[in-house]
Structure formats: structure tokens, C-alpha cells
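Architecture and fold: a report
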Protein chains: 4
Amino acid sequence: MQTAHNASIQEIGALPEDPQALAELAGQSMYERDAASQGLGATLDEISPGKATMSMTVKAHMLNGHKTCHGGFIFALADSTFAFACNSRNLTTVASGCTIDFLAPAFEGDRLIARASEYSLAGRTGIYDVHVSNQDGKPIAVFRGRSYRIKGNVVEPQQPAVNDEGRPPGA
Amino acid sequence: MQTAHNASIQEIGALPEDPQALAELAGQSMYERDAASQGLGATLDEISPGKATMSMTVKAHMLNGHKTCHGGFIFALADSTFAFACNSRNLTTVASGCTIDFLAPAFEGDRLIARASEYSLAGRTGIYDVHVSNQDGKPIAVFRGRSYRIKGNVVEPQQPAVNDEGRPPGA
Amino acid sequence: MQTAHNASIQEIGALPEDPQALAELAGQSMYERDAASQGLGATLDEISPGKATMSMTVKAHMLNGHKTCHGGFIFALADSTFAFACNSRNLTTVASGCTIDFLAPAFEGDRLIARASEYSLAGRTGIYDVHVSNQDGKPIAVFRGRSYRIKGNVVEPQQPAVNDEGRPPGA
Amino acid sequence: MQTAHNASIQEIGALPEDPQALAELAGQSMYERDAASQGLGATLDEISPGKATMSMTVKAHMLNGHKTCHGGFIFALADSTFAFACNSRNLTTVASGCTIDFLAPAFEGDRLIARASEYSLAGRTGIYDVHVSNQDGKPIAVFRGRSYRIKGNVVEPQQPAVNDEGRPPGA
């Protein structure tokens, strides 16, 4: 992800007013704390209000007994991308549920790209669509996530530490 | 998993006729080739025709920015358990889609138990329910998987090698 | 539905304390106002806290171009049963989303029975499973509903009129 | 729906080769036999290969106890639109499952418009998205359908009678 500022989030005082700068700050902050996405080797390539793009290479340890990428890792990439999109306004938001349909297998070495976008946001709840394709643009999976906004901000002004109060079910 | 025979699958000649013994053999064979489930630290605790139970401990690298288990790992455990249940009759079967609802967060050190059972099986398609709870029996997530049977067997008689022809979308 | 009291809901003063009597009262009240369920010919056969059973006969006007029951009517029966189950504690609750899987076709004259039960309830949100079978016990569809509790009661003490403030998305 | 020919389907000899003309013919034929969609007052406004648009006015008998449109009727409109889209290539196709999320309530007199489009089609299975909005363009529900192609054609050349062999689970 290209962030507007490369400042560490610890140095942030006031939050940016520009929605795009705020999305990038929230994304950077989430990613730094997100051991799961990092462990998958997933990168946050783009983030903007209501949207995010991540990508990940399928590695040997992600293969199932059929020598194709285990559905759980495809889901994890989609779910992470959903999480970045729904937290992109710096309001702490968690997954309440998701549906995924697998369209084609992914193989070792494939680069999977997941693009999440907000379809609706009303009150505390939102619906996000995530499309996962491979390096050739072939659709691999389609995912729909349901989000629920809880208390707190991804990055708090002046004290941008980890939010321990939000104890979300999912992502 | 307690298997009827501890023989390596390479030694298998004729397949067992007993459905329970066949389920255990298929489960053992799948697990040995399933780098993804092994990498998650998930164990196959029980398998029988149409059913499977797996468990997994939530580790630090599975935590998201909220310090709770990333939904992708909970999904992966449920999805693996679904895969073992729907392949338990030794007929190669893949996931076509899944729905998960997250009910409560899981934390580092929690032991998650996933129990999959077949709700329906008609022709090539099946529906499986997976319930994930923690070590205290608290429901963490509920999952429904749709399966599709393709050609081939999990363990082929005489030549129980990896089935390279089944190229499944998911699990 | 057998209600504890056959009194019209207009006559209700204090609400019953017994959960079963309250469920029956809420069910009776909802059903009287529910033109959609009545129009489907669906009957509320049983209601108890967190559970409901409804049934409906497939009529000619419910058939699609394949001469089987249109999935929308099977869904409608399941969705109504879900609505009665999730309002059975007399707290106004609406559907936020549902997933249905069709297992076998239903034909004209079939009597469909839908049984809803609460799988989880935490805060304002719940998960309900509904199983739809025909008169022979054959599974026709399986449904999962997500509920969200809003303000208000199904039957208000002293003034059990229609609740106009709850403007729910779905059932 | 505007059809290329207003000829009754009984008069059809050879099927049109043009995909758009074939979609319109299949749509007209399905609609004429679809008592369910007709009974809902749903009209087929547009059909093309992989796509369909239908609309329906919310009537008094569609209201639930909250005086909003019962989710089952919103689902039925979406499900019908999905059925027309996935049969638009004149290959008999049925629903295997669907997921709907309700975004905002619909009221008596609202005109609901459902737009279905094919997201993927591989072998016998497809994924379709249906978006339902009201007369003001406000999103009411979002639906995802999974389709499965069976034997037969919507309109058979020379003998365009009702296909009794396709006995689909859903729509």
C-alpha cells in the first residue's frame, strides 16, 4: 500500500480529514497489527473509502490433498480484504457473516488478487462484495461479507494504540 | 484420529468394505497429504461416514488487529472438517460454496473444536453443517458447506497415490 | 396453533409471565396481522420460545414453468417460520439475511412443514435454522436466517396494537 | 418484455440462432407457463443472454405484521429474475441455492425492480447476482443464486411444449 505519510502511526496526533488519507492511515495501522494477513503473505495493495485490494501467492503449505489451494486460504484472503474495506473509514467494524462460492481451483505459485467494495452501508451494518481472481484475471471465488460496526476507531487520535475493547467475532 | 489399521496407505491393497474402516482410511490418507490442515495445527479427531471432528489451537499468528482469531482461520478449520466429512465415503468430493456466521470471538490459546455432519446427499451434491465451539463448549461459528462429487476416490485400490485428476475449486 | 387463551389480543392487559404463554400470545398476534402468511395458506402449528412450526400446501399458482413449486414460496414458508421463532419472546425482531439450499422439488398438493429453531442468540443478533420437509418427511430445503432485534414488542401491554415504529427490512 | 416475434411459442419451428432472439423466446415461453411469477404480478421487463430484469408492485397481501413487505415476496421476485437469467440461453437450469440480504424495507405501493446478471458460468454451474431496488433507486435487497443446468431446453424445436422431465428443486 502506498500511504500518504510514511510516518509511524505512533506519531499521529490529529487524524487527517481527507477520507482517502484517513483510509490509508487506518489500513496501514490495521496491517501493522494483523499477524494473520502478514503470515499469509498477503499485501494490502490499495485502500480507499469502502474499498480495498489485497494479493497473495499460493504457497506449498496452502495446498490440500488435491494439490489445489485449500479453500480456507482463499477465504482468508477475501475475508482480510473485506476487513480492510469495512474499516477504511476508521470506524471499528467486524464481520458478522460471510458467504463464499468457489469458481475455479488455484494452484501453487498462483498470485491471487482480491478486490473488496462496499455495496451498502446503513446504520451499523454493511454488505461488501469481494471478487478473487488469479494472475490471468480468471475468477477464482466470489465472497459476500456482512459487517457490523462496534465502538471505537481503528486509529485513535493521540493514542493510536491497539483497541483492546473491540472484541469482534471475526475479521 | 484412531484408525483401524496403522498401516501406511502405500501398503493398501483391497479397500475395506466396512464403511467405518473405509472412512478412517480415507481420512488418514487425506490428512497425510493435507499440508494446509497440518500447517494450521488442526488434528483429525474423529471420522465416520458423513461426519468428522477436528480441533485446533488459536496461535499468535492467527490473531488479527483486534487481537482475536482472524475469521479466515476459523473458516479454514470448519472448511477442513467439512472436507473430511464429505470425502469420508472415499468418493472424491469438493466444496462448491460455504456460508459462515461468526457468533463469538476466539482468543489466543483457545482450543476450537469443529464438528461436521452431513445433512443431505442427493446425486452428486451434499449439504454439510459444521459447528465450531471453544474448549468451554461456547459456540464460536456455524458453517454450512455445499459439496460436489467429482471423479475418483480418495484412496484408490492398489494405487493409493495422490489423485491428480480431481482439480477441485476449494477444500 | 393452540393458544393458552383464545382471547383476542385487544383484550390483553398485563402480559403473561410464562414464556410459553407469551410465545403463544406473540404468535397469535403476529399471525392475525400477517396477510402474507395467511395469503400463502400457511398455518402456525406450534410456537414456543425460540421455536416455531408452520405448514403450507403447494397450490397450482405456486408452480413455476417446470411444474414444481417456485423456490420463492418455499423460501416464504421458511422465512415466515423463522420470523415467528425469532419473535417468540415478544421482542420485535427482523430478518437481516437468509441462506436457503434447495434439496428436492415440491409438487402440487404437497404439504410442506417448516420447523425453525434458534441456534444462537447474543445481544441483538440471532441465528435460526429452518428445515422444510414434505408430508413424507423428505427434506425439501434447508434455510438459515440471521435476525436483528429492534425496538418494541410484538404485543405491547395494555395497547397491543400494530407496532408502526419497527420498520424492518424483511419478514 | 419486448419479444422479437409476437408469435405464440406453439408456432415455433426452428429456434432462432441469434442469442438475443433466443433469450427473448425462452423468456416468453417460461413466463407463459410461470403461474408463480404471474400471480405475484411480476413482469419480465428485459431479458438477454445471462441477464434479466423484472419488476413487481408491493400489494397489501404481501405485508407482514410490521406493515412492510414480507421478505418472502422480495425473495420470490429476486428468485424469478434469477431463473429467467439462468435459463436465457434456452438450456434448462434450476436453482440449487440462494443467499439474500435485506437492506431496507419495502412498503405497500412500492415498485420493486430486480436486475439479475450472470457472474460466472462453468460447466453446469453458475453464479448470478440479483439487485433489488425500489422506484427511487434505493437498494432493498441483494441476492446471490447458484444454478445447476439439467437436461432439456426451455423451448424445444418443433415441440415447444412444457418440459415435464426437468424436475428442479427450486425456481
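Each chain carries its own residue numbering, running from 1 in the written order of its sequence. Written order decides the labels, with chains lettered from A and ligands numbered from 1. Residue-level local features of this predicted model are given only where pLDDT is at least 70; pairs of side-chain atoms are given and counted only at 80 or more, and the full residue set underlies all totals for whole chains, interfaces and linings. Only heavy atoms go into the side-chain values, all of them from the structure, while hydrogens and water stay out.

To continue, consider the pattern of salt bridges. A pairing counts as a salt bridge when a side-chain nitrogen of Lys or Arg comes within 4 Å of a carboxyl oxygen of Asp or Glu. Counted under the stated rule, the structure contains 16 salt bridges over all chains. One salt bridge connects Arg146 of chain D with Asp101 of chain A, and the closest N-O pair in it is separated by 2.5 Å. With one member in each of two chains, Arg146 of chain D in strand β6 (residues 139–153) and Asp101 of chain A in strand β3 (residues 91–102) form a pair that bridges those chains. Here Arg89 of chain C makes a salt bridge to Glu118 of chain C, at a shortest N to O gap of 2.6 Å. One end of the pair, Arg89 of chain C, is in the loop between α3 (71–86) and β3 (91–102); the other, Glu118 of chain C, is in strand β4 (residues 111–122), with 29 residues separating them in the sequence. When its relative accessible area of 25% is taken as the criterion, Glu118 of chain C is described as partly exposed. In this text, helices come from DSSP runs of H or I with a minimum length of four residues, and strands from runs of E with a minimum of two, each type numbered from the N-terminal end. Whether a residue is buried, partly exposed or exposed follows from its accessible area with a 1.4 Å probe, protein chains only, as a fraction of its type maximum: under 20%, in between, or over 50%, in that order.

A strand pair is defined by DSSP finding two or more bridges across the two strands. Ordered in space as β1(C)-β2(C)-β4(C)-β5(C)-β6(C)-β3(C)-β3(D)-β6(D)-β5(D)-β4(D)-β2(D)-β1(D), the twelve strands form an open sheet in which the pairing is antiparallel. Every other strand in the sheet has two partners, leaving β1 (43–48) of chain C together with β1 (43–48) of chain D as the edge strands with one partner each. Each strand of the sheet is rotated relative to its neighbour by a mean of 20°, with strand direction disregarded. Residues count as neighbours in contact if any of their non-hydrogen atoms are within 4.5 Å of one another. Between N-to-C directions, angles span 0 to 180 degrees; the directions come from axes that are lines fitted to C-alpha atoms, helices contributing only their stretch in contact. The sheet strands contacting helix α1 (residues 19–33) of chain C are β1 and β2 (51–57) of chain C, and the helix crosses β1 of chain C at an angle near 155°. The strands touched by α3 of chain C are β1, β2, β3, β4, β5 (125–133) and β6 (139–153) of chain C together with β3 (91–102) of chain D; relative to β2 of chain C, the strand with the most contacts, the crossing angle is about 150°.

Bringing the side chain of Asn87 of chain B into the picture now. All names here are of chain B. Inspection of the secondary structure puts Asn87 in the loop between α3 (71–86) and β3 (91–102). Taking relative accessible area as the criterion, Asn87 reaches 0% and is therefore assigned buried. Not counting chain neighbours up to four residues away, the residues in contact with Asn87 comprise Ala26, Met30, Thr92, Thr93 and Val154.

Another aspect to go through is the confidence of the model for chain A. All names here are of chain A. Confidence scores per residue from the predictor, reported as pLDDT, run from 0 to 100. In the predicted model, chain A carries a mean pLDDT of 86, and the fraction of residues at 70 or more is 84%. This stretch, residues 1–11, has a pLDDT under 50; its non-local contacts, to residues over four places away or in other chains, come to 19 contacts. Confidence drops under pLDDT 50 across residues 159–171; counting only partners more than four residues distant or on other chains, this segment forms 42 contacts. Per the prediction output, this complex has pTM 0.82; the corresponding ipTM is 0.77.

Right, let's talk about the relation of the copies chain A and chain B for a bit. The copies were overlaid with a least-squares fit restricted to C-alpha atoms from residues scoring a pLDDT of at least 70 in each copy. Under the fitted operation, chain A is carried onto chain B by 0.0 Å of movement along the axis and a turn of 180°, and the coordinates agree to an RMSD of 0.0 Å. The superposition of one copy onto the other is thereby described by a two-fold rotation axis. Among all residues of chain A, the minimum C-alpha distance to the rotation axis is found for Thr99 of chain A, at 2.1 Å. An overlap of 100% is found between the interface residues of chain A and their copies at the interface of chain B, pointing to a shared contact surface.

Before going further, it helps to examine α1 of chain C. All names here are of chain C. To estimate how far a helix should reach, multiply one less than its number of residues by 1.5 Å. Across its 15 residues, α1 extends 21 Å between first and last C-alpha, which sits within 8% of the 21 Å expected from 1.5 Å per residue. With eleven of 15 residues buried, α1 is to be regarded as a mostly interior element. Of the positions making up α1, those classed as buried are Ala21, Leu22, Ala23, Glu24, Leu25, Ala26, Gly27, Gln28, Ser29, Met30 and Arg33. Check the buried side of α1 and you find it contacts α2 (35–40), β1 and α3.

Once that is clear, we can look at the interface of chain D and chain A. Counting residues at the interface gives 13 residues for chain D and 13 residues for chain A. Carbon and sulfur atoms supply 54% of the area that chain D and chain A bury against each other, a total of about 1,200 Å² over both sides. Summed over the three residues of chain D that lose the most area to chain A, namely Asp101, Tyr119 and Arg144 of chain D, the buried surface amounts to 45% of that side. Taken together, the links from chain D to chain A amount to four salt bridges. A 3.5 Å cut-off defines polar contacts: any pair of N or O atoms within that distance qualifies, except that in protein one atom must be a possible hydrogen donor and the other a possible acceptor, and neighbouring residues in sequence count only when both atoms are side-chain atoms. Linking chain D with chain A are four residue pairs in polar contact (both at pLDDT 80 or more). Put simply, the parts of the chain that give the side of chain D that touches chain A at least two residues each are β3, β4 (111–122), β5 (125–133) and β6 of chain D. Element by element, the count of residues in the side of chain D that touches chain A is highest for β6 of chain D, at five residues. Charged residues are taken to be Asp, Glu, Lys and Arg, nonpolar residues to be Ala, Val, Leu, Ile, Met, Phe, Trp, Tyr, Cys and Pro, and polar residues to be all remaining types, Gly included. A per-class count over the side of chain D that touches chain A returns six nonpolar, three polar and four charged. Put simply, buried area is the surface a 1.4 Å probe can reach on two separate parts but cannot reach once they are joined, added for both.

Here we come to the environment of Thr92 of chain A. Following the sequence through the fold, Thr92 of chain A ends up in strand β3. Sequence separation between Thr92 of chain A and Asn153 of chain A is 61 residues, and the spatial gap between their C-alpha atoms is 4.9 Å.

In this section: the pairing of strand β4 (residues 111–122) of chain B. All names here are of chain B. With seven bridges joining them, strand β2 (residues 51–57) and β4 adopt antiparallel strand pairing. When the sheet's bridge partners are listed, Thr53 is paired in β4 with Arg115. Between β4 and strand β5 (residues 125–133), which follow one another and run antiparallel, lie two residues, and Gly123 among them has a positive phi close to 60°.

Attention shifts here to the packing of aromatic side chains. Classification of ring pairs rests on two measures: the distance between centres of Phe, Tyr or Trp rings, Trp counted by its six-membered ring, which must be within 6.5 Å, and the angle between planes, read as stacked under 30 degrees, edge-to-face over 60 and tilted in between. This structure, assessed with the given rule, holds 18 aromatic pairs over all chains. Ring centres 3.6 Å apart and planes at 0° place the aromatic pair Phe75 of chain A and Phe75 of chain B in the stacked group. One end of the pair, Phe75 of chain A, is in helix α3 (residues 71–86); the other, Phe75 of chain B, is in helix α3, on a second chain. Like Phe75 of chain A, the residue Phe75 of chain B is buried in the burial classification. Cluster of aromatic residues (ring-pair linked, three or more members): Phe75, Phe82, Tyr128 and Phe143 of chain A together with Phe75, Phe82, Tyr128 and Phe143 of chain B.

Glancing now at the interface of chain A and chain B. Each partner contributes residues to the interface: chain A has 47 residues there, and chain B has 47 residues. Carbon and sulfur atoms make up 59% of the surface buried where chain A meets chain B, a total of about 3,500 Å² over both sides. Between the two partners, chain A and chain B, sit zero salt bridges. The interface formed by chain A and chain B holds 14 residue pairs in polar contact (both at pLDDT 80 or more) in total. If you tally residues by element for the side of chain A that touches chain B, the top one is β3 of chain A, at eleven residues.

What describes two packed helices is the angle between their axes and the distance between those same axes. Contact geometry of α3 of chain A with α3 of chain B gives a least axis separation of 8 Å together with a crossing angle of 155°. Taken together, the axis directions place α3 of chain A and α3 of chain B in an arrangement best described as roughly antiparallel. The chirality of how α3 of chain A crosses α3 of chain B is right-handed. Touching Gly71, Gly72, Phe75, Ala76 and Asp79 of chain A of α3 of chain A are Gly71, Gly72, Phe75, Ala76 and Asp79 of chain B, all from α3 of chain B. Across the contact of α3 of chain A with α3 of chain B, the residue classes tally to four nonpolar, four polar and two charged. In what follows, roughly perpendicular refers to angles from 65 to 115 degrees, roughly parallel to angles under 35, roughly antiparallel to angles over 145, and oblique to any angle outside these ranges. Take the far helix as your reference; a near helix turned counterclockwise from it by less than a right angle gives a left-handed crossing, and one turned clockwise gives a right-handed crossing.

Turning our attention to the sheet that holds strand β1 (residues 43–48) of chain B. Spatial ordering of the open sheet is given by β1(A)-β2(A)-β4(A)-β5(A)-β6(A)-β3(A)-β3(B)-β6(B)-β5(B)-β4(B)-β2(B)-β1(B), a layout of twelve strands whose pairing is antiparallel. The open sheet has two edge strands with one neighbour each: β1 (43–48) of chain A together with β1 of chain B. In this sheet, adjacent strand axes meet at a mean angle of 20° when their direction is disregarded. Helix-sheet contacts for helix α1 (residues 19–33) of chain B involve β1 and β2 of chain B, and the interaxial angle to β1 of chain B is about 155°. Packed on one face of the sheet, α3 of chain B meets β3 of chain A together with β1, β2, β3, β4, β5 and β6 (139–153) of chain B and runs near 150° to β2 of chain B.

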